[in-house]
Amino acid sequence: MDFSHSEHELRWQTIARDFAQREVSPIAREMDELGAMPPSIVSRMAELGLLGSTISSDLGGSDMTSVALAMVYEELGRACSSVRGFMTVHSSLVMQCINQWGNDKQKSTYLPMLASGQSIGCYCLTEPEAGSDAANIQTTATPVDGGYELRGEKIWITNANIASLAIVFAKLPIVDNQKPHGAITAFLIDTSTKGFQRKKMPGKELGHRASDHAHITLEKCFVPSENILGGERQGFKVAMSALDHGRLGVAAGALGVHQACLDATVSFVRSRKQFGSRIGDFEMIQASVAEMKASLEASRYLVYLAAWKKDTGETSTLEASIAKFHATEAALKAASEAVLIHGGRGYSNEYPVERYYRDIKGLQIYEGTSHIQRIVIARNVIGKP
Ligand SMILES: Cc1cc2nc3c(=O)[nH]c(=O)nc-3n(C[C@H](O)[C@H](O)[C@H](O)COP(=O)(O)OP(=O)(O)OC[C@H]3O[C@@H](n4cnc5c(N)ncnc54)[C@H](O)[C@@H]3O)c2cc1C
């Protein structure tokens, strides 16, 4: 077994680390307070080639391996989950999905614009009555002359207020006692299309404050037939495969948050004194730091194993699910401990750990909650009911 990283991977890690530490970290707290990300962050990511991710250079992409992309996400996640979340949706859920399922025309039309940041993508699956149970979406696509008319609602859609391209999942009329998920179809929609309405997601306060999230209403939104992605009634497969890409991105982002919690904690326990000693000299604090480090390394191997398996071309659904489950749960525990170890200071935004704690909760929920990852893993081990 070879656990070393290639030059290609280390180069992308350096690019992402320099960008994240020099250009994102210094403004992460301000972005969190303002509840917005400056557009310059996106244009800089495009300029550095980060948005091009694993897409081939023929299509304007950066030809990264999945391992290199995971390293990029780890570095971004270490600095700011909102920035990492933006990129995971744009590059993994949207671009990798178009790359996997798009025809030549769709790929050459959309991928270069997305890689250059000229166009921002969003992925619209969740609805008020369908989150974990994605097969139950209620958005409909009615066949009309030359295409389809979409009606429905989507919620929690990351990047949607700034996106010019949306992948929207909707159901065609059910035929021949078909199961509901068999009617789902994926559509590529220009967000300026009449009937595509979006507004800021209300009440999002806990974390990912600098991310953009929208509530979308589709009202007789016309989509031409050629904008179907992956074929009629193939949308459930398209949605699930996109989540495989995205879950790996979220898992790698969680690694970054976990590393940031450890870094902040180590620095704090070395300097904070109580009872005449550095708190890092107390055994209980040492035990906590040791657990944080051990669980971080376990997550890291799971994330890079899943990415490596993806690079070999093998199915990595199970590995991505295990990596997402373990890395987000471990990072959540690390963030909680980091706040505790910072004492009262941990509760204030004078230190970054309270932001890590708020942000990591989102990673445990989106792209399949930890409950759903447990179901994926258990079904794989025990077999489907
Ligand atoms: C910050 C953020 C960004 C997001 N971005 C996007 C996006 O870009 N695009 C998009 O489409 N969606 C997005 N989402 C939505 C997200 O994917 C959903 O919130 C998530 O899938 C859970 O769905 P839900 O909120 O409807 O909860 P529900 O599915 O109603 O779940 C409620 C609870 O029940 C549990 N549960 C559900 N089913 C089972 C079961 N069978 N067994 C055990 N427990 C179960 C869940 O784990 C959860 O704890 C985002 C959400 C957040 C918070």
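What you see is a predicted model, and the numbers here were worked out from it, not measured in a lab.

About the criteria used
- Residues numbered from 1 in each chain as written.
- Predicted model: local features only at pLDDT ≥ 70, side-chain atom pairs only at ≥ 80, totals over all residues.
- Heavy atoms only, no water.
- Helix = DSSP H or I, 4+ residues; strand = E, 2+ residues; numbered from the N terminus.
- Rg over C-alpha atoms; globule rule 2.2 N^0.38 Å.
- Buried < 20%, exposed > 50% of the residue type's maximum accessible area, 1.4 Å probe, protein only.
- Contact = heavy atoms within 4.5 Å.
- Areas by Shrake-Rupley, 256 points an atom, 1.4 Å probe, with all protein chains shown as cover.
- Near = heavy atom within 4 Å.
- Nonpolar A, V, L, I, M, F, W, Y, C, P; charged D, E, K, R; others polar.
- Domains from an automatic or database assignment.
- Axes fitted to C-alpha atoms, helices over the stretch in contact; angles between N-to-C directions.
- Parallel < 35°, antiparallel > 145°, perpendicular 65-115°, else oblique.
- Left-handed = near helix turned anticlockwise from the far one by under 90°.
- Phe/Tyr/Trp six-rings, centres within 6.5 Å; stacked < 30°, edge-to-face > 60°.
- Lys NZ or Arg CZ within 6 Å of the ring centre and 35° of its normal.
- Salt bridge = Lys/Arg side-chain N within 4 Å of Asp/Glu carboxyl O.
- Buried area = accessible area lost by both parts, 1.4 Å probe.
- Core = buried A, V, L, I, M, F, W, Y, C linked by side-chain atoms within 4.5 Å.
- Arc of directions from axis to C-beta.

Some remarks on the overall build of the protein chain
Okay, so step 1: What the protein chain contains, in helices and strands, is ten helices and ten strands.
Okay, so step 2: Relative to the 2.2 N^0.38 estimate, which gives 21 Å for 385 residues, the radius of gyration of the protein chain is 21 Å and therefore close to what a compact globule would have.
Okay, so step 3: A burial count over the protein chain gives 53% of its 385 residues as buried.
Okay, so step 4: Here the contacts in the protein chain between residues at least 6 apart in sequence split such that 74% fall between residues at least 24 apart.
Okay, so step 5: When the accessible surface of the protein chain is totalled, it reaches about 17200 Å², and 54% of it is carbon and sulfur.

Overview of the site of the ligand
Okay, so step 1: Around the ligand sit 16 residues in total, of which T126, S132, T158, T369 and H371 are the nearest.
Okay, so step 2: Surface burial for the ligand is 64%, taken as the share of its 980 Å² of free accessible area covered by protein chains.
Okay, so step 3: Going through the elements one at a time, β3 (147-158) and α10 (370-382) are the ones with two or more residues in the shell around the ligand.
Okay, so step 4: Of the residues assigned to the shell around the ligand, the class counts are eight nonpolar, seven polar and one charged.
Okay, so step 5: Among the domains, domain 2 (122-235) and domain 3 (237-382) are the pair contributing at least three residues each to the shell around the ligand.

Section: the packing of helix α7 (residues 283-311) against helix α8 (residues 317-341)
Okay, so step 1: It is at 9 Å that the axes of α7 and α8 come closest, and there the two elements cross at 155°. With respect to α8, the element α7 is oriented roughly antiparallel. Note on packing geometry: the crossing formed by α7 with α8 is left-handed. Between α7 and α8, the residues in contact are I285, S288, E291, M292, S295, A298, S299, L302, V303, A306 and K309 and E319, A320, I322, A323, H326, A327, A330, K333, A334, E337, A338 and I341, respectively.
Okay, so step 2: Tallied by class, residues from the contact of α7 with α8 come to 14 nonpolar, four polar and five charged.

Focus on the packing of aromatic side chains
Okay, so step 1: Within the structure shown, the criterion is met by five aromatic pairs.
Okay, so step 2: Above the plane of the ring of W12 lies R11, whose end atom (NZ or CZ) is 5.1 Å from the centre.

Topic: the pattern of salt bridges
Okay, so step 1: Across all of its chains, the model carries 18 salt bridges by this definition.
Okay, so step 2: Here D281 makes a salt bridge to R278, at a shortest N to O gap of 3.1 Å.
Okay, so step 3: The class for R278 is partly exposed, based on a relative accessible area of 35%.
Okay, so step 4: Each of the salt bridges in this network shares a partner with another, and the network as a whole consists of R17, E75, R78 and D263.

Topic: the domain arrangement of the protein chain
Okay, so step 1: For the protein chain, the assigned domains read domain 1 (7-120), domain 2 (122-235) and domain 3 (237-382).
Okay, so step 2: Here domain 2 and domain 3 have C-alpha centroids that lie 30 Å from each other.
Okay, so step 3: With 15 residues of domain 2 at the contact, the number on the domain 3 side is 14 residues.
Okay, so step 4: For the pair domain 2 and domain 3, the two sides together bury roughly 1000 Å², of which 62% comes from carbon and sulfur.
Okay, so step 5: Its largest share of buried area at the contact with domain 3, domain 2 owes to L206, H208 and Q234, together 45% of the area lost on that side.
Okay, so step 6: If you look at where domain 2 meets domain 3, you find zero salt bridges.

Overview of the side chain of D32
Okay, so step 1: Take D32: it is sitting in helix α1 (residues 7-34).
Okay, so step 2: Residues contacting D32, with those up to four places away along its chain left out, are R209, A210, R355 and R358.

Focus: the nonpolar core
Okay, so step 1: Grouped together as the largest cluster of nonpolar side chains are 86 residues, with contacts concentrated most on M45, L50, V83, M87, L150, F187 and V303.
Okay, so step 2: In terms of residue count, the dominant contributor to this core is helix α6 (residues 235-271) (13 residues).
Okay, so step 3: With residues near it in sequence (within four places) discarded, M45 still touches F19, L50, L51, L76, V83, F86 and M87.
Okay, so step 4: Counting residues in hydrophobic clusters, the runner-up holds 28 residues, among them V94, L165, I167 and A186.

Re helix α2 (residues 39-47)
Okay, so step 1: Along α2, the residues classified as buried are I41, V42, M45 and A46. With its buried residues spanning 135° around the axis, α2 presents them on a single face. Residues P39 and E47 are exposed on α2 and point more than 90 degrees away from its buried face.
Okay, so step 2: For α2, the elements touching its buried residues are α1, α3 (66-79), α4 (81-101) and α5 (104-115).
Okay, so step 3: Backbone geometry just downstream of α2 places G49 in the positive-phi region, at approximately 90°.

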